[in-house]
Amino acid sequence: MTERHGYYLGKGKEQVKRPRLTGRDKVKYEIYDEVKKQLKTVRNWEELRQGLKQQNIQMDFKMKGSTYEIQGVSFIKGKLKFKGSEVD
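Every value quoted in this text rests on a predicted model; they were computed, and no experiment measured them.

Brief notes about the overall build of the protein chain
Here's step 1: In terms of helices and strands, the protein chain carries 4 helices and 3 strands.
Here's step 2: Considering the protein chain as a whole, with its 88 residues, one finds that 25% of them fall into the buried category.
Here's step 3: Considering only contacts in the protein chain between residues 6 or more positions apart, those separated by 24 or more positions represent 26%.

Quick notes on the nonpolar core
Here's step 1: Membership of the largest hydrophobic core is limited to 12 residues, which are Val-27, Ile-31, Tyr-32, Val-35, Val-42, Leu-48, Leu-52, Ile-57, Met-59, Phe-75, Phe-82 and Val-87.
Here's step 2: Elements with a contribution of two residues or more to this core: helix H2 (23–39) and helix H3 (45–53).
Here's step 3: Take this core: its biggest share by element is 4 residues, from H2.
Here's step 4: Residues within four places of Val-87 in sequence aside, it is in contact with Lys-13, Lys-28, Ile-31, Tyr-32, Phe-75 and Phe-82.

So, unusual backbone geometry
Here's step 1: At Asn-56, a residue that is not glycine, the phi angle is positive and equals roughly 65 degrees.
Here's step 2: Looking at where Asn-56 falls in the secondary structure, it is placed in the loop between H3 and strand E1 (58–63).
Here's step 3: Classification of Asn-56 by relative accessible area gives exposed; the value is 61%.

Here we look at the packing of H2 against H3
Here's step 1: In contact at an axis separation of 10 Å, H2 and H3 are set at 135 degrees when each is read in the N-to-C sense. One finds that H2 runs oblique with respect to H3. Crossing of H2 against H3: the hand is right-handed. The segment H2 lies against H3, with Glu-34, Val-35, Gln-38 and Leu-39 engaging Leu-48, Gly-51 and Leu-52.

Brief notes about the pairing of E1
Here's step 1: Alignment of E1 against strand E2 (residues 70–77), held across 6 bridges, turns out to be antiparallel. What sits directly across from Phe-61, in E2, is Val-73.
Here's step 2: In textbook terms, the turn of a hairpin is the stretch between consecutive antiparallel strands, and for E1 and E2 this stretch comprises 6 residues, one of which, Gly-65, has a positive phi near 55 degrees.

A look at H2
Here's step 1: Given a rise of 1.5 Å per residue, 17 residues ought to cover 24 Å, and the 25 Å separating the end C-alpha atoms of H2 matches this to within 8%.
Here's step 2: Listed as buried for H2 are Val-27, Lys-28, Tyr-29, Ile-31, Tyr-32, Glu-34, Val-35 and Gln-38.
Here's step 3: Buried residues along H2 sit in contact with H3, E2, strand E3 (80–83) and helix H4 (84–87).

With respect to the sheet that holds E2
Here's step 1: Strand order in this open sheet of 3 strands is E1-E2-E3, and the pairing throughout is antiparallel. Either end of the sheet is taken by a strand with one partner, and the two such strands are E1 and E3. With strand direction ignored, the average angle separating the axes of adjacent strands in the sheet is 25 degrees.
Here's step 2: As paired strands, E2 and E3 are joined by 4 bridges and run antiparallel to one another. Within E3, the position partnered with Ile-76 by the bridge is Lys-81.
Here's step 3: Across the sheet, H2 is in contact with E2 and E3; its angle to E3 comes to roughly 60 degrees.
Here's step 4: Set on the sheet, H3 makes contact with E1 and E2; between it and E1 the angle comes to about 140 degrees.

The rules behind the values
- Residues numbered from 1 in each chain as written.
- Predicted model: local features only at pLDDT ≥ 70, side-chain atom pairs only at ≥ 80, totals over all residues.
- Heavy atoms only, no water.
- Helix = DSSP H or I, 4+ residues; strand = E, 2+ residues; numbered from the N terminus.
- Buried < 20%, exposed > 50% of the residue type's maximum accessible area, 1.4 Å probe, protein only.
- Contact = heavy atoms within 4.5 Å.
- Core = buried A, V, L, I, M, F, W, Y, C linked by side-chain atoms within 4.5 Å.
- Axes fitted to C-alpha atoms, helices over the stretch in contact; angles between N-to-C directions.
- Parallel < 35°, antiparallel > 145°, perpendicular 65-115°, else oblique.
- Left-handed = near helix turned anticlockwise from the far one by under 90°.
- Pairing = 2+ DSSP bridges.
- Expected span 1.5 Å × (residues − 1).

Scope: geometric values only; no functional claims are made or implied.
Structure follows, in structure tokens:
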């Protein structure tokens, strides 16, 4: 299919043509772009959480067992939820 239609797999998320995205993929890249933007200025998790909240993105942590050790992160925008590894 790639040869027949001249498609290719882009290297990295920066190569993805954002205007062509729809649905779940569009939201995932909106989250990716906002996290990347926020990481330039924030100094800790709480600042990141607040910055994302202003863009209607919720950030949740998955804790290890009954401890306070962070095991993972997820992002929620609207009705869609993504594991951190899905975003990047």
